[in-house]
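# Coordinate inspection notes
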Amino acid sequence: MRTEEDVLGERKLPADALYGINTLRALENFPLTGRTIATLPEFVPALAMIKEAAALANKEIGALSGSPH
């Protein structure tokens, strides 16, 4: 076990956990569906489109340089 601390206090996590206290609190406070990303094949392409649109918008206003492709 390892101990991590945030503004809400200390929590113990498994020593080999690849996540931190914020993820632990999210898992405790927000119920998950139990579905994996494989059950949502349209999710990844949709997320890619959103990220591309955000990159193009940020490039247009000068907040991002370079090409999104």
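What counts, and at which threshold
Residues numbered from 1 in each chain as written. Predicted model: local features only at pLDDT ≥ 70, side-chain atom pairs only at ≥ 80, totals over all residues. Heavy atoms only, no water. Patch = residues over 30% accessible without salt bridge, like charges linked within 9 Å, V, L, I, M, F, W, Y side chains within 5 Å. Areas by Shrake-Rupley, 256 points an atom, 1.4 Å probe, with all protein chains shown as cover. Salt bridge = Lys/Arg side-chain N within 4 Å of Asp/Glu carboxyl O. Helix = DSSP H or I, 4+ residues; strand = E, 2+ residues; numbered from the N terminus. Polar contact = N/O pair within 3.5 Å; in protein donor to acceptor, adjacent residues only side chain to side chain. Pairing = 2+ DSSP bridges. Buried < 20%, exposed > 50% of the residue type's maximum accessible area, 1.4 Å probe, protein only. Contact = heavy atoms within 4.5 Å.

On the surface, Ile37, Phe43, Val44, Leu47 and Ile50 cluster together to form a nonpolar patch covering roughly 460 Å² of accessible area. Structurally, the position occupied by Ile50 is in helix α2 (residues 43–60).

Before going further, it helps to examine the environment of Asn29. Take Asn29: it is sitting in helix α1 (residues 21–29). Within the structure, the side chain of Asn29 is placed 2.8 Å from the backbone oxygen of Arg25, a separation counted as a polar contact.

This part is about the pairing of strand β2 (residues 9–13). As judged from the five bridges shared by strand β1 (residues 2–6) and β2, these two strands associate in the antiparallel manner. Residue Glu4 lies in a different strand from β2, and its bridge partner there is Arg11. What sits between the antiparallel neighbours β1 and β2 is a turn of two residues.

The next subject is the side chain of Asp6. Take Asp6: it is sitting in strand β1. Under the relative-accessibility criterion, Asp6 is labelled buried at 18%. A distance of 2.9 Å separates the side chain of Asp6 from the backbone nitrogen of Leu8, its partner in a polar contact. At 2.7 Å, the side chain of Asp6 and the side chain of Arg25 are in polar contact. In this structure Asp6 touches Ile21, Asn22 and Arg25, once residues within four positions along its chain are discounted.

None of this, on its own, says anything about what the molecule does.
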